[in-house]
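Results of the structural survey
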Amino acid sequence: MRNQQVIDVLVIGAGPSGSTVAIDLVRRGFDVRIVDRSPHAFDGSRAKGIQPRSLEVLEDLGALDEVLAGGSTYPKLGIHAGPLAVPWKMFTHREATPDVPYPNTWLIPQFRTDRALHARLGEFGREIEFGRELTELTQDEDTVVAKVVGPDGVEEIVARYAVGADGGSSAVRKQLDIGFVGTTDEADRVLIVDASVSGLARNRWHMWPGLGGKLIGACPLPHSDMFQWMIRLTPDEKPSQEIGAIIDRIHSHTRNRHIQLHDIHWQSVFRPNIRLAQHYGRGRVFLVGDAAHVHTPAGAQGLNTGMQDGYNLAWKLGQVLAGADPALLDTYEAERQPIAAGVLGLSTEKWGGIAKLDPSSMKRGKDEQQLSLTYYGGPLAPADSSDTSTLHVGDRAPDARLLGADGAETRLFDFFQGPHFTAIAYGPGAARDLELLNWPTTGAQLKRLTVGSAAGFSDPRNTLRSAYGLNGDTLLLIRPDGYVGHIATRDFLTSTQSAARAMTPRARSRTMSQQSRTSPGSGADA
């Protein structure tokens, strides 16, 4: 055992949350394996809505272009009542702004999202190891040992940390003996079917409501002839398996015999699990995504919350692997568990409203987009921290458009992209102290950006000033996951170094004069 190779992190489960963890750690240079018990990549539509905040995460990870190419904005609802179809706008279409570049929920079947993330992981030289199932998990003070059964028999994988991203029936969570508190309503079931369809307009997400919560919905899947069908079953109804029986079920409810299903590509029976893990990990093993929380499908929250779990955890794992205080990993549960609890309430409320034919339950807005979720008041964002007129520590860091000394416009998110921290000095006083800020030579490095000084960037349209609520000299520290890690409106140097200490390795540091600069006004530690 002691002679076995020890990898940095083992990720168990290759859905969006596990893939997010793996991509972020691999781009930081860590040795990662990702295994999945399925024989191949998931091939269903299941979670099909990507929220604006998740689009920003995908951009940072380098997978956004493929996701945008594989999806579209949502069509209007078409609510059928007898021979009439009433158009209903579920989403308010918003135009992009300098601070919110992706303001609309994106419609894309999950199998395309999975493949976009897997392709990105492949660009880093890592492949998903399919057909490998976890059977046993043990750990000590230094390592985790996972027994995995695959095509070649049993393998023991030894890692410094492990991440369970293996879904609602998580074997990792069960091995850790972590409670999964909540309910599963066995009487409330939905048959989900991806099928090629003719005889139905593709410019609507069709819904045929019925009394007693009966409902059939059909959402067109972009760039295909497929619809995702959602057929709510009665408590004693046996779900149809054959295409002919499914067509008959649709015809009897919709009264529209023009609708024809030609091929079924994937189907599943969904039960509304509403559950939250009592803890998000134990020792050197952590839970992300459905392994930590499961939701109803209403509001398109599950996949998005899982990706944000992985995005929050991965940079912290990277920092601890590089020498940061392991207490940083305690902030993962402290920050993410309350978010999941809130999302569970939101999606449950929406699901209950659909059963009651409440039109407001079909509306989607700010709450679902996850742009306003915050870690303010948590262990890395204390409530007594400084703030600006628009931002608290722990809030999402908005985008902005700046001009370089050469007159070229640059997005702030371009500076954020990558596994580093970003420091923004607004005004000459903050810029001077940023020059003196020490930063560890190990772990995530620091990219320095000055705005408003002669050698830095300018904000001629006040997009940064407005979005960040800046009224004078300010030094902001942005975490690798795009959340505000510190705001200093005075005592720039001391307070920023103190805030950074909780998130960085305790290692020898160097000053800005010893570091290289990659562009005017911004320095990136190599």
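The notes below deal with the structure included here. Keep in mind it's a predicted model, so treat the numbers as computed, not measured. (Residues numbered from 1 in each chain as written. Predicted model: local features only at pLDDT ≥ 70, side-chain atom pairs only at ≥ 80, totals over all residues. Heavy atoms only, no water.)

Comments concerning the overall build of the protein
For the protein, the helix and strand inventory stands at 13 helices and 31 strands. Against the globule reference of 24 Å for 526 residues, the protein gives a C-alpha radius of gyration of 24 Å, in line with a compact fold. For the C-alpha atoms alone, the extent of the protein along its principal axes is close to 75 × 60 × 40 Å. Out of the 526 residues belonging to the protein, those deemed buried represent 57%. Long-range contacts, defined as pairs at least 24 residues apart, comprise 71% of the intrachain contacts of the protein with a sequence gap of at least 6. Counting only carbon and sulfur atoms, one obtains 50% of the accessible surface of the protein, whose full area is about 21300 Å². (Helix = DSSP H or I, 4+ residues; strand = E, 2+ residues; numbered from the N terminus. Rg over C-alpha atoms; globule rule 2.2 N^0.38 Å. Buried < 20%, exposed > 50% of the residue type's maximum accessible area, 1.4 Å probe, protein only. Contact = heavy atoms within 4.5 Å. Areas by Shrake-Rupley, 256 points an atom, 1.4 Å probe, with all protein chains shown as cover.)

Brief notes about the sheet that holds strand β12 (residues 180-184)
Strand order in the open sheet formed by three strands is β12-β18-β21, with antiparallel pairing between adjacent strands. The open sheet has two free edges, formed respectively by β12 and β21 (293-294), since each of these has just one partner strand. (Pairing = 2+ DSSP bridges.)

What to know about the environment of Val-158
The topology assignment puts Val-158 in strand β11 (residues 153-164). Sequence separation between Val-158 and Gln-4 is 154 residues; the distance between their C-alpha atoms is 7.2 Å.

Brief notes about the side chain of Lys-48
Mapping Lys-48 onto the fold places it in the loop between β2 (32-36) and β3 (49-50). Despite its burial, Lys-48 pairs with no opposite charge; the closest candidate is Asp-194, at 8.3 Å N-O. Residues contacting Lys-48, with those up to four places away along its chain left out, are Tyr-74, Trp-106, Leu-107, Ile-108, Pro-109, Trp-205, Cys-219, Leu-221 and Gln-228. (Lys, Arg positive; Asp, Glu negative; His and termini not counted. Salt bridge = Lys/Arg side-chain N within 4 Å of Asp/Glu carboxyl O.)

Considerations on the packing of aromatic side chains
Throughout the structure, instances matching the rule amount to 12 aromatic pairs. A centroid spacing of 6.4 Å and a plane angle of 40° characterise the contact between Tyr-161 and Phe-286, whose relative ring orientation is tilted. Placement of the pair is Tyr-161 in strand β11 and Phe-286 in strand β20 (residues 285-287), with a sequence separation of 125 residues. Of the two residues, Tyr-161 and Phe-286, both sit in the buried class. Each ring, one from Phe-415 and one from Phe-457, has its centre 5.1 Å from the other, and the planes form 85°; the classification is edge-to-face. Of this pair, Phe-415 sits in helix α10 (residues 412-416) while Phe-457 sits in the loop between β26 (446-451) and α12 (463-468); the two residues are 42 residues apart in sequence, bridging distant segments of the chain. There is no split in this pair, since Phe-415 and Phe-457 are both buried. Following the ring pairs from residue to residue traces out a cluster consisting of Tyr-161, Tyr-280, Phe-286 and Tyr-332. Positioned above the aromatic ring of Phe-42, the side-chain terminus of Arg-46 is 4.1 Å from the ring centre. When the ring centre of Phe-227 is taken as origin, the NZ or CZ atom of Arg-202, which lies over that ring, is 5.0 Å away. (Phe/Tyr/Trp six-rings, centres within 6.5 Å; stacked < 30°, edge-to-face > 60°. Lys NZ or Arg CZ within 6 Å of the ring centre and 35° of its normal.)

A word on the packing of helix α2 (residues 52-61) against helix α7 (residues 302-321)
α7 packs onto α2 with a crossing angle of 45° between their chain directions and a minimal axis gap of 10 Å. Looking at the two axes, α2 sits oblique to α7. Remark: the crossing between α2 and α7 carries left-handed chirality. Residues Arg-53, Ser-54, Val-57, Leu-58, Asp-60 and Leu-61 of α2 pack against Asn-304, Met-307, Gln-308 and Tyr-311 of α7. (Axes fitted to C-alpha atoms, helices over the stretch in contact; angles between N-to-C directions. Parallel < 35°, antiparallel > 145°, perpendicular 65-115°, else oblique. Left-handed = near helix turned anticlockwise from the far one by under 90°.)

Examining the pattern of salt bridges
By the definition in use, this model includes 22 salt bridges. The shortest N-O distance in the salt bridge between Arg-120 and Glu-123 comes to 2.6 Å. Taken together, the positions of Arg-120 and Glu-123, both in helix α4 (residues 110-123) and three residues apart, correspond to about one turn of that helix. By relative accessible area, which is 57% here, Glu-123 ends up exposed. Ionic pairing is found between Arg-401 and Glu-409, a salt bridge with its closest N-O pair at 3.4 Å. What makes Glu-409 partly exposed here is its relative accessible area of 45%.

Quick look at the sheet that holds strand β14 (residues 204-209)
Here we have seven strands laid out as an open sheet, ordered β6-β5-β14-β15-β16-β13-β17, and mixed in their pairing. Looking at which strands have only one partner, the edges of the open sheet turn out to be β6 (84-88) and β17 (260-270). Across the sheet, the axes of successive neighbouring strands diverge by a mean angle of 20°, strand direction being ignored. Direction of pairing for strand β13 (residues 189-198) relative to strand β16 (residues 226-233): antiparallel, over a ladder of eight bridges. Counted as the bridge partner of Val-193 is Trp-229 from β16. In the packing of helix α6 (residues 243-254) onto the sheet, the strands contacted are β13, β14, β15 (215-220), β16 and β17, and the crossing angle to β17 comes to about 90°.

With respect to the pairing of strand β5 (residues 76-81)
Strand residues, when the strand is regular, have side chains that alternate between the two faces of the sheet. As paired strands, β5 and β14 are joined by four bridges and run parallel to one another. Pairing of Ile-79 across the sheet is with Met-207, part of β14. Examined bridge by bridge, β5 and β6 share five bridges and lie antiparallel to one another. Paired with Ile-79 across the two strands is Val-86, which belongs to β6. Here β5 folds back onto β6, and the loop between the two strands holds two residues, one of which, Gly-82, carries a positive phi near 65°.

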